[in-house]
Amino acid sequence: MIVVEAPYAETRLRRSSPHGGRQNQKCKIQSRWKIMAPSINSGQASGTSKRSHNNESIEGAQNSIDVPSTKPSEAGSKSPSVEEALKGLNFISKKSTKWVEIEKKFNGLTSSTNGSLHRSQFAECIGMDTKSNEFALELFDALARRRKITADSINKDEFKEFWEQISAKDFNSRLRIFFDMVDKDANGRLDVDEVRQIIKYSASANKLSNINGRAQEYATMIMEELDEEKLGYIMIDKLEMLFRKQDGKQSPIEEHKPTKDTGRVSELLNKTKYYLIDNWERIWVLVLWIGIMVGLFTYKFIQYRNKAVYDIMGYCVCTAKGSAETLKFNMALILLPVCRNTITWLRNKTKLGAFVPFDNSITFHKIIAIGIGIGVAVHALAHLTCDFPRLLHASEKEYEPMKPYFGEDQPENYWWFLKGVEGVTGIIMVVLMAIAFTLATPKLRLKKDSGFNMFWYSHHLFVIVYTLLIVHGIKTYLSKDWYTKSTWMYLAVPITLYTCERLLRSFRSRVKSVKILEFNEYPDVMAIHMSKPEGFEYKSGEYMFVKCPAVSPFEWHPFSITSSPAEDRLSVHIRAVGDWTKELKAILSEASKEEKSLSVEATGGSNTQFPRVVIDGPYGAPAQDYKDFEVVLLVGLGIGATPMISIIKDIVHNMKPKDLEGGKSTTNRNSFKTKRAYFYWVTNDQGSFEWFKDVMDKVSKMDINGIIELHNHCTSIFEEDDARSALIASLQSLNHAKTGIDIVSGTHVKSYFGRPNWRDIYKTIAHNHSGERVGVFYCGAPGPAATLRQLALDFSHETSTKFDFRKENF
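Residues numbered from 1 in each chain as written. Predicted model: local features only at pLDDT ≥ 70, side-chain atom pairs only at ≥ 80, totals over all residues. Heavy atoms only, no water.

Chemist: Just to check I follow, could you spell out the overall build of the protein chain for this structure?
Modeler: In terms of regular secondary structure, the protein chain is built from 30 helices and 16 strands. A buried classification covers 47% of the 810 residues belonging to the protein chain. Contacts spanning at least 24 positions in sequence make up 72% of the contacts within the protein chain whose residues lie at least 6 apart. With the model as given, the accessible surface of the protein chain reaches about 40,000 Å², and the carbon-plus-sulfur share is 56%. (Helix = DSSP H or I, 4+ residues; strand = E, 2+ residues; numbered from the N terminus. Buried < 20%, exposed > 50% of the residue type's maximum accessible area, 1.4 Å probe, protein only. Contact = heavy atoms within 4.5 Å. Areas by Shrake-Rupley, 256 points an atom, 1.4 Å probe, with all protein chains shown as cover.)

Chemist: Honestly, the sheet that holds strand S9 (residues 569-575) in this entry has me stumped. Any pointers?
Modeler: Think of a sheet as strands paired side by side through backbone hydrogen bonds, with each pair either parallel or antiparallel. Reading across from one edge, S5-S6-S9 is the order of the three strands in this open sheet, with antiparallel pairing throughout. If you trace the sheet from one side to the other, it starts and ends with strand S5 (516-522) and S9, each paired once. Along the sheet, successive strands turn relative to each other by an average axial angle of 15 degrees, direction set aside. In this structure, strand S6 (residues 525-531) lies alongside S9, joined through seven bridges in antiparallel fashion. (Pairing = 2+ DSSP bridges. Axes fitted to C-alpha atoms, helices over the stretch in contact; angles between N-to-C directions.)

Chemist: When you look at the pattern of salt bridges in this model, what are you seeing that I'm missing?
Modeler: Two side chains carrying opposite charge are able to pair once their charged atoms lie near each other. Using the criterion set out here, one finds 20 salt bridges in the structure. As a salt-bridge pair, Glu 161 and Arg 147 come within 2.8 Å of each other at their nearest N and O atoms. A residue pair is termed long-range when its members are at least 10 positions apart, and Glu 161 in helix H6 (residues 156-166) and Arg 147 in the loop between helix H5 (133-146) and strand S4 (153-154) qualify at 14 residues. Its salt-bridge partner being Lys 300, residue Glu 325 comes within 3.8 Å of it at the nearest N-O pair. Of this pair, Glu 325 sits in helix H14 (residues 315-333) while Lys 300 sits in helix H12 (residues 264-305), and the two are 25 residues apart along the sequence. Classification of Glu 325 by relative accessible area gives buried; the value is 5%. In the salt-bridge network here, residues are joined through shared partners; they are Arg 347, Asp 625, Arg 773, Asp 804 and Arg 806. (Salt bridge = Lys/Arg side-chain N within 4 Å of Asp/Glu carboxyl O.)

Chemist: Any chance you could explain the pairing of strand S11 (residues 631-637) here in plain terms?
Modeler: Residues in a regular strand point their side chains to alternate faces of the sheet. Burial within S11 is extensive, with seven of its seven residues counted as buried. On S11, burial covers both faces: Val 631, Leu 633, Val 635 and Leu 637 on one face and Val 632, Leu 634 and Gly 636 on the other are all buried. Looking at chain direction, S11 and strand S12 (residues 676-683) are connected through seven bridges and run parallel. Residue pairing for S12: Leu 637 is matched across the bridge by Val 682. Both S11 and strand S15 (residues 773-779) contribute to a ladder of six bridges, which runs parallel. When the bridges of S15 are listed, Gly 636 appears paired with Cys 779.

Chemist: Hey, could you run me through the pairing of strand S7 (residues 543-547) in this one?
Modeler: Buried residues dominate S7, accounting for five of its five residues. A two-sided burial pattern is seen for S7, the buried positions comprising Tyr 543, Phe 545 and Lys 547 on one face and Met 544 and Val 546 on the other. As paired strands, S7 and strand S8 (residues 557-560) are joined by four bridges and run antiparallel to one another. Considered in S8, the bridge of Met 544 is made with Phe 559.

Chemist: Would you mind showing me how to read the packing of aromatic side chains here?
Modeler: Both the distance between ring centres and the angle between the ring planes are used here to describe each pair of aromatic rings. Counted according to the given criterion, the structure contains 27 aromatic pairs. Look at Tyr 310 and Tyr 315: their rings are 5.2 Å apart centre to centre, the planes differ by 75 degrees, and that puts the pair in the edge-to-face class. For Tyr 310, a relative accessible area of 16% gives the class buried. Plain terms: the ring middles of Phe 462 and Tyr 466 are 6.0 Å apart, the flat faces sit at 85 degrees to each other, and that makes the pair edge-to-face. Remark: Tyr 466 and Phe 462 occur in helix H23 (residues 462-474); sequence separation between them is four residues, near one turn of the helix. Between Arg 189 and the ring centre of Tyr 233, over which it is positioned, the NZ or CZ distance is 4.4 Å. Above the plane of the ring of Tyr 304 lies Lys 307, whose end atom (NZ or CZ) is 4.3 Å from the centre. (Phe/Tyr/Trp six-rings, centres within 6.5 Å; stacked < 30°, edge-to-face > 60°. Lys NZ or Arg CZ within 6 Å of the ring centre and 35° of its normal.)

Chemist: Any chance you could explain unusual backbone geometry here in plain terms?
Modeler: Residue Gly 617 is joined to Pro 618 through a cis peptide bond whose omega torsion reads 5 degrees. If you check the backbone angles, Ala 186 has positive phi at about 55 degrees while not being a glycine. If you trace the backbone, Ala 186 turns up in the loop between helix H7 (171-182) and helix H8 (192-205). For Ala 186, a relative accessible area of 23% corresponds to the partly exposed category. The residue Lys 207 is not glycine, and still its phi comes out positive at about 55 degrees. With respect to the helices, strands and loops of the structure, Lys 207 is situated in the loop between H8 and helix H9 (209-213).

Chemist: Could you clarify how one ought to interpret the state of the cysteines in this entry?
Modeler: By definition, a disulfide links the sulfur atoms of two cysteine residues through a covalent bond. For the structure shown, the criterion picks out one disulfide. There is a disulfide in this structure between Cys 316 and Cys 386, and the S-S distance comes to 1.4 Å. One end of the pair, Cys 316, is in helix H14; the other, Cys 386, is in helix H16 (residues 361-392), with 70 residues separating them in the sequence. Judged by relative accessible area, Cys 316 falls into the buried class, the value being 9%. A relative accessible area of 24% places Cys 386 in the partly exposed class. Here Cys 318 is not cross-linked by a disulfide; its sulfur's nearest cysteine counterpart is in Cys 316, at 8.6 Å. Among the residues examined, Cys 318 registers a relative accessible area of 0% and is labelled buried. Free of any disulfide, Cys 339 has its nearest cysteine sulfur in Cys 500, 9.4 Å distant. Accessibility expressed as a relative area gives 1% for Cys 339, which makes it buried. (Disulfide = S-S within 2.5 Å.)

Chemist: Sorry, what's going on with the UniProt feature "domain: EF-hand" (unreviewed entry) in the protein chain here?
Modeler: As recorded in UniProt, the sites labelled "domain: EF-hand" (unreviewed entry) are residues 170-205. Within residues 170-205, the helical portion is 72% and the strand portion 0%, while the C-alpha atoms at the span's ends are 24 Å from each other. (UniProt positions renumbered as here; feature names shortened; annotations may be inferred.)

Chemist: Explain the sheet that holds S12 here, please?
Modeler: Taken in spatial order, the six strands make up an open sheet running S14-S13-S12-S11-S15-S16, and their pairing is parallel. Of all strands in the sheet, those with a lone pairing partner are strand S14 (751-753) and strand S16 (802-807), marking the two edges. With direction set aside, neighbouring strand axes in the sheet form an average angle of 20 degrees. Lying over the sheet, helix H27 (residues 693-702) contacts S12 and strand S13 (708-714), oriented at roughly 145 degrees with respect to S13.

Chemist: Whenever I open this one, the environment of Trp 280 confuses me. Can you help?
Modeler: Among the structural elements, Trp 280 can be located in helix H12. According to the relative accessible area criterion, Trp 280 is partly exposed, its value standing at 39%. Distance from Trp 280 to Phe 355, taken between C-alpha atoms, is 8.5 Å for residues 75 residues apart in sequence. Discounting residues that sit within four places of it in the chain, Trp 280 has contacts with Ala 354 and Phe 355.

Laid out in structure tokens, this is it:
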């Protein structure tokens, strides 16, 4: 039985519409049909059709109601499978679903137009960003066609009707709106040109230039798939079938159970316990460091408390000298964390890595720098605001014991202190340190173009600072015997060690020369493939320094090695964001063009067109420890995927014969520990997938047993529940089923839309590897690192799976 709700007519006369044909000046009839009927099989003949209960524009000759002969029964069905497939057709952001907020935005945008919203403002008003303007305009036009609105502006009542339509929870309504967007001539049929156009709009909204350029090809593929009768068009039921071809979602994993709340005291104790367990390596190093500084300060403080100078200068001089002692210690210590060769040797050749956090060496370097800043401030203030004034105002009798230190004539003003060697060297050191500290702050160091160069050059002012520090220590007022001038004693070993490191880098870069074998250029990124020097042994995850004298004779820059140790060449992928990297890319690009013009093979013959490049390394990095874990989670953001790519290659090369296609083995893999790897690559640009396209395809082909699980996430694409990406998702599934190629990445690896749900990822891994230890390795922007680290701690505490988080540092 079919129950028809009484139709209603709405008459509105506006200016002529380009889509209405001869019937634009006529009153159109909008009908609402409410269907209550048993399911009808596709093979049944019936003179009636079920219609979805949303508002529809019914077009037909002579104002008759044109009921399609096709059966869009799935569109009217409310089965769970359809609900799941079509839940993604959302036109509005999850954050802006309240009419009160939207109305406020409408009022603001129309304050100068007498309450009239122009179609060009529609995207902004409903919460779509500027890159979705074309899509939003098509949405506006579709909604306007439904109501026979031909003007370019709408009032608040009309906008509210639009809003109610696009925010409707009923998926049939959203499907109908999407169909109307594509069906520009409102004839109830979609031809290949209309499908091509909506593909282009969707691709533009998601910044998918590759798909945009192949819109005609993909539209033809959709028509071939859905237009089985070769009619040259498809109806709404066929469009729904396309959406239903999307891959199903995985069944949800049961949420881990949080620790029960046993009271504030117990909760505090648990947090303290977990903090100590998670950070004990860092804690004992910091405690030792602070303990040494307290000891040195106390020792010097007591020493000067028992000297005659205390009678005039008091505790001021004790404080100044105590802080100076810690300052000398820290100035010596700060060099050790940047002795990369020494640290790499210690972590690779000794057992110290079990309790010394070498991965945090740069962080410790920064902490020491803070200690130096505090020491400088206390030392300078104690002198300038406390003990110097007391010396200047001392009586002749009080000054008598000070003559051996400050001379026969008592200082009369501050200028006496400032003009001396001690004052001049102190002031210059403070100025140079302030410059180096300021330019090392993340905001300036990560600044595009010149940020890294300013940081690099300012840090090399340390040569002047250390020279002045030694002079300052020798010329100190209150120490006259050589064995009491301890500054050089603190600095002798660290400076010698650091000097040897720099000499080793210079020597090694000359002995281990490389040639550029291949240069690949991508937007903002370049891949440099070099010959592998004899004896250059490294581990996946490590990095090396690169210098190109043609760009700068002094600058060395660190880059992760993207080749595998088993390969016969070295490779690095460099993002051109600073002035050094941009100039390097320009020089190599020009050389590559000249090389090609001369028809010289990249791997043989002449290689004189490329500029000279020297390398130094390899150096240890957190990612190299992945072999210590049977299960690893590898996360790379943008160019941060580089160390992970080397690891993936290494895992492929070390797979056991039974895991390899063809069962071949090239190395001894008995000691290889890693058995399962999850790789998540998150990038905001579709073109980024070109960087490692060959690697992805090779891994997916060789890894027949699924040891490595690859996930590509493109954040420029709206999540799958967004109408702007719904067609892309359906097209992706269709193309992958036909060709095995993902339309976003161009590889056999499927791409996901938007950012990963890290909590769900941890949850799944914890469920699949209960009781195991998982190594989490991350390289990329600092923002997500905090989330990944905290989730690793949470799941380690609340499940039987233990996650060990490591972050890449340079």
